[in-house]
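A look at the structure
Listed below, chain by chain, are the residues.
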Amino acid sequence: MSEAALAAAPPRARRRLGEALGGWLLSLPAALSFLLLLLLPTLAAVAMAFTDFELGLWPPAWIGLENFREMWEDRGFRQSFRNTVVYVGLVAPASVLLGLGLALLIEAGARGRALFRAVFFLPVVSLTVAMAAAWQYLLHPTIGPLNAALRNFGVAAPPAWLSSSDWVLLSLSAIGVWEQAGFNMVLFMAGLTAIPRELREAASVDGVHSAFERFRLVTWPLLGPTTLFVVTITLIRSVRVFDTVAVLTRGGPNKASEVLLYTMYTEGFTFLRLGYSAAITLVFLVIVLALMLVQTRLLDRRVHYG
Amino acid sequence: MRAPDSGLLVEEAAVTLGGTPILRGVSLRVEPGEFVALLGPSGCGKTTLMRVVAGLQAPAAGRVLINGRDVTRAHPAERDVAMVFQNYALYPHLTVRQNIAVPLAMRRLNGWQRAPLLGRLFSRAERAAIAREVAAIAAPLGLSSLLERKPAQLSGGQRQRVALARAVVRRPAVFLLDEPLSNLDAALRVSTRREIVEIHRRAGAASVYVTHDQAEALTMADRIAVMQAGEILQIGSPEAIYRDPADLRVASFIGSPRINLLPAAAGEDGVLRLDGAPLPLRTPARGPVTLAVRPEDWRIAPAGLAARVAHVEFLGDHELIHLDAAGTEIVMRAEPELRVAREEALHLSFDPARALLFGADGRRLPVAEREAAHV
């Protein structure tokens, strides 16, 4: 055996090497574009976060954690961070629950599924910046239809939705829910159709009578993976809120609607402090990565019954 | 004597889906303790009939009575039926113990007692009773050591037994099984047949078993209802269905290999003729008829129907000889000792007492042996 095996060994080793080389060559275009388009820019942004880089000032100096110290002490940033947390805390639960409710109602209904699905999905496919103009008109304190209706119902001084610091975050959150609920609804509908009909039938033969009991025994547990995905994606999309703020309020009034990405944008592109802006981006990135980690490591195991 | 209003009674049930009739006025009676198999090819309406009984499909016409109570319009939960689904339909997020307990918990605990965490405090006694019953059902099925597992951690056969346990734990009046063996491998399928019959006997319910596999129906059922195109063609014991089919479709559906069909003619004298040669059989019918002979009823004889051996299949305890008799294919079941060669020409006779005769409309015709019989 040994002689024959030894004689056969070199060509086999050469073939394996050739195969490995071929593999590397084939994956080279993808690897190269990943390196150039994703990895290097990300590393550059991370590196920039530890410098005082400003557009026009060269060379930038390495300042270590100075940017993060400034952020910690910056009342504007803290306000922006708090606003983002409030916004996410309002939009994520409301749009997830609303999406689930809409999906259940549309699935239960006999007619008009396609129509309702399209109606509620419309905000997702429409351009937010363009729709913001419509919202601006709807919420306008004097000529807006919402306040006109409120006045009709006897509200003497309806709030200035987008220009009062008490209401602006709530108004933006409402627009955020409107934007995201339809997307969540479509995801939940996909999850609902994946539940085997046999299970619902088994439940009713087993004595489940009411829709609520069926939801508790079958629908909700089997929607687990969908719900986890919807919650994660909604959280990430909410943290990323930017265009409604940029178009409707510019963070105002008096920073009452300043959010993370908008702060990053003004620091980087208005004040041209790219180093500080990169540090904010880094904080944002850490938040998003943490959310994804929670999904994959902790919750995923509890909702897949494999 | 049993009370006349016990068990399951289906009267003239009709179902139409999207303009296509699926059930055309089917009636069926199943006594408590009886095991009835609904047998038919796929699409014959057997599963629909079962779903009508379970309340998962509303009939367009007809009635369903369980223990004398009209449940035609009742919710499945109010019918006192239990069902084993083809794909088991176990709740994937619940353990085996919880799966089996669902039918009991749904009926004995109220909404508050079923609530998570707090509900346990208000239902100690009920939950203990349920746990005892679950354990009692699980033990004879060999599930005791698997109670804390999730369905995904079980083999197909184990899932099947969990589904059976969940169905019988409540002691339902009607026990429905929808092709429960179709997802098991061949060896397990045979051994599970007996297990299911034993579970049925212990439960004492009126059991309806849907299958397209005639071996399952013949081995398990007290009575078989042969269905085709939304109708029950015949209901009877396995022996009656096999030996005494009322319809050509029943005769050719039951039996493997298929029954042999030979075009014959009854003369003016009532004597049957095959290819012009008179047979020792007489019938009151006249004209073209179909003679049906089971593969095991053929014999090789010195004279009779001339045939040529086309192919021989050796199957261990017996062999199947495929013959060509003037263009008609005949399958004969023979002892393995019988040595015949391909292309060999021989003559066949059959047991006249076992021959079946069908008219042009597929109905069974009476047939009698002629005196002075010779083939």
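Residues numbered from 1 in each chain as written. Chains lettered and ligands numbered in written order. Predicted model: local features only at pLDDT ≥ 70, side-chain atom pairs only at ≥ 80, totals over all residues. Heavy atoms only, no water.

1. Concerning the interface of chain A and chain B
Stated precisely, the cut-off is as follows: Only heavy atoms matter for contacts: two residues are in contact if any of them lie within 4.5 Å across the pair. Take the accessible area each of two parts loses on contact, using a 1.4 Å probe, and add the two losses: that sum is the buried area. Should a side-chain nitrogen of Lys or Arg be within 4 Å of a carboxyl oxygen of Asp or Glu, the pair is scored as a salt bridge. Polar contact is the term for a pair of N or O atoms within 3.5 Å; when the atoms are in protein, one must be able to donate a hydrogen and the other to accept it, and sequence-neighboring residues count only if both atoms are side-chain atoms. Only DSSP runs of H or I reaching four residues or more are called helices, and only runs of E reaching two or more are called strands; each is numbered from the N terminus.
Chain A puts 20 residues into the contact, and the matching count from chain B is 28 residues. Summed over both partners, the interface of chain A with chain B buries about 2100 Å², with 61% contributed by carbon and sulfur atoms. At the boundary of chain A and chain B, one finds two salt bridges. In this structure, the salt-bridge partner of Asp 206 of chain A is Arg 166 of chain B, at a minimum N-O distance of 3.5 Å. Our count for the chain A to chain B interface comes out at nine residue pairs in polar contact (both at pLDDT 80 or more). Those elements giving two or more residues to the side of chain A that touches chain B turn out to be helix H8 (197–205) and helix H9 (211–222) of chain A. Among the elements that line the side of chain A that touches chain B, the one with the most residues is H8 of chain A, at eight residues.

2. Comments concerning the sheet that holds strand S7 (residues 174–178) of chain B
All names here are of chain B. The condition that has to hold: Only strands that DSSP links by at least two bridges are regarded as paired with each other. Between N-to-C directions, angles span 0 to 180 degrees; the directions come from axes that are lines fitted to C-alpha atoms, helices contributing only their stretch in contact.
Sheet architecture is open: six strands sit in the order S6-S7-S8-S3-S9-S10, paired in mixed fashion. Each edge of the sheet is formed by a strand with only one pairing partner; in this case those strands are strand S6 (81–84) and strand S10 (231–236). Mean inter-strand twist for the sheet, computed between neighbouring axes without regard to direction, equals 20 degrees. As defined by bridge partners, S7 adjoins strand S8 (residues 206–211) across five bridges and the pair is classed as parallel.

3. With respect to the environment of Pro 41 of chain B
Residues and elements named next belong to chain B. Filter applied, for reference: Relative accessibility under 20% of the residue-type maximum defines a buried residue, over 50% an exposed one, and the middle range a partly exposed one, all with a 1.4 Å probe and only protein chains included.
With respect to the helices and strands, the residue Pro 41 is situated in the loop between strand S3 (35–39) and helix H1 (46–54). Classification of Pro 41 as partly exposed rests on a relative accessible area of 28%. Once the C-alpha coordinates of Pro 41 and Ala 186 are considered, the two residues, 145 residues apart in sequence, prove to be 19 Å apart. With residues near it in sequence (within four places) discarded, Pro 41 still touches Lys 46, Met 227, Gln 228 and Phe 253.

4. Quick word on the pairing of S10 of chain B
For strand S9 (residues 223–228) of chain B and S10 of chain B, the ladder comprises five bridges, and the chain directions are antiparallel. Across the sheet, the residue bridging to Ile 224 of chain B is Gly 236 of chain B, located in S10 of chain B.

5. Concerning the packing of helix H3 (residues 75–108) of chain A against helix H4 (residues 113–125) of chain A
Geometrically, a packed helix pair is captured by the angle between its two axes and the distance between the axes. Residues and elements named next belong to chain A. Stated precisely, the cut-off is as follows: The scheme is simple: roughly parallel for angles under 35 degrees, roughly antiparallel for over 145, roughly perpendicular for 65 to 115, oblique for anything else. What makes a crossing left-handed is the near helix being turned counterclockwise from the far one by less than a right angle; a clockwise turn instead makes it right-handed. Three classes are used: nonpolar for Ala, Val, Leu, Ile, Met, Phe, Trp, Tyr, Cys and Pro, charged for Asp, Glu, Lys and Arg, and polar for all others, with Gly counted as polar.
At a minimum axis separation of 9 Å, H3 and H4 run at an interaxial angle of 160 degrees. Looking at the two axes, H3 sits roughly antiparallel to H4. The handedness of the crossing between H3 and H4 is right-handed. Together, Leu 102, Ile 106 and Glu 107 of H3 and Arg 113, Phe 116, Arg 117 and Phe 120 of H4 make up the contact between the two elements. Classifying every residue of the contact of H3 with H4 by side-chain character gives four nonpolar, no polar and three charged.

6. Comments concerning the layout of surface pockets
To keep it simple, the criterion reads: The definitions used throughout rest on a 1 Å grid laid over the protein atoms alone, on which a cavity is an enclosed set of points accommodating a 1.4 Å probe that cannot get out and a pocket is an open set flanked by protein within 12 Å on both sides along at least five of seven lines; lining residues are those having an atom within 4 Å of a point. Grid points are joined across faces, edges and corners, and a volume is the space filled by probe spheres set on the points.
By volume, the largest pocket amounts to about 830 Å³. Taken together, 25 residues line the largest pocket, and the ones lying closest to its centre are Leu 94, Gln 98, Arg 114, Arg 120 and Arg 127 of chain B. Contributions of two or more residues to the lining of the largest pocket are made by H9 of chain A together with helix H2 (96–108) and helix H5 (124–138) of chain B. A class-by-class count of the residues in the lining of the largest pocket yields 15 nonpolar, three polar and seven charged. Within this model, the second largest pocket holds a volume of roughly 500 Å³. Taken together, 20 residues line the second largest pocket, and the ones lying closest to its centre are Ala 108, Arg 200, Ala 211, Arg 214 and Thr 219 of chain A. For the lining of the second largest pocket, the elements supplying multiple residues, two or more each, are H3, H8 and H9 of chain A.

7. With respect to the sheet that holds strand S19 (residues 345–350) of chain B
Residue and element names in this part refer to chain B. Pairing is antiparallel in the open sheet, where five strands are placed in the order S15-S19-S16-S17-S18. Each having just a single partner strand, strand S15 (298–301) and strand S18 (328–334) make up the two edges of the open sheet. For this sheet the average axis-to-axis angle between neighbouring strands, irrespective of direction, equals 50 degrees. Direction of pairing for strand S16 (residues 305–314) relative to strand S17 (residues 319–325): antiparallel, over a ladder of six bridges. The residue bridging Val 312 from the neighbouring strand is Ile 321, located in S17.

8. Quick look at the domain arrangement of chain A
All names here are of chain A. The criterion, for reference: Domain extents, as shown, originate in an automatic or database domain assignment.
What the domain assignment lists for chain A is domain 1 (1–48) and domain 2 (66–301). A C-alpha centroid distance of 43 Å is found between domain 1 and domain 2. Tallying the contact residues gives four residues for domain 1 and six residues for domain 2. Buried area between domain 1 and domain 2, summed over both chains or domains, comes out near 320 Å², and the portion from carbon and sulfur atoms is 78%.

9. Remarks on the packing of H3 of chain A against helix H10 (residues 224–239) of chain A
Residues and elements named next belong to chain A. Relative to each other, H3 and H10 sit at 145 degrees, their axes nearing to 9 Å. In the packing of H3 onto H10, the handedness of the crossing is right-handed. Across from Thr 84, Tyr 87, Val 88, Val 91, Ala 92, Ser 95 and Val 96 in H3, the residues of H10 making contact are Val 230, Val 231, Thr 234, Leu 235, Ser 238 and Val 239. A breakdown of the residues in the contact of H3 with H10 according to their chemical character gives nine nonpolar, four polar and no charged.

10. Brief notes about the side chain of Arg 170 of chain B
Residues and elements named next belong to chain B. Within the fold, Arg 170 resides in the loop between helix H6 (156–168) and S7. At 2.7 Å, the side chain of Arg 170 forms a polar contact with the backbone oxygen of Val 81. Apart from the residues within four sequence positions on either side, Arg 170 is in contact with Asp 80, Val 81, Ala 82, Pro 103, Leu 104 and Arg 107.

11. Focus: a nonpolar patch on the surface
Just so we agree on the cut-off: Every patch collects residues that have over 30% relative accessible area and no salt bridge, joining them within 9 Å if they carry like charges and within 5 Å if they are nonpolar side chains (Val, Leu, Ile, Met, Phe, Trp, Tyr). What sets the accessible areas is the Shrake-Rupley method with a 1.4 Å probe; for residues, cover comes only from the shown protein chains.
Together, Leu 21, Leu 25, Leu 28, Leu 32, Phe 34, Leu 35, Leu 36, Leu 37, Leu 38, Leu 39, Leu 40 and Leu 43 of chain A line one region of the surface with nonpolar side chains, adding up to about 1200 Å² of accessible area. Looking at the secondary structure, you find Leu 38 of chain A in helix H1 (residues 2–48).

12. Observations concerning the nonpolar core
For clarity, the threshold we go by: In this text, buried Ala, Val, Leu, Ile, Met, Phe, Trp, Tyr and Cys residues form a nonpolar core when linked through side-chain atoms within 4.5 Å.
In this structure, Leu 217 of chain A together with Leu 8, Tyr 91 and Leu 176 of chain B are the most contacted members of the largest nonpolar core, which totals 58 residues. Residue contacts for Leu 8 of chain B: discarding those within four places in its chain leaves Leu 28, Arg 29, Val 30, Val 53, Val 64, Leu 65, Ile 66, Val 174, Ala 206 and Val 208 of chain B. Phe 175, Leu 184, Met 220 and Ile 254 of chain B belong to the second largest nonpolar core, which has 50 residues in total.

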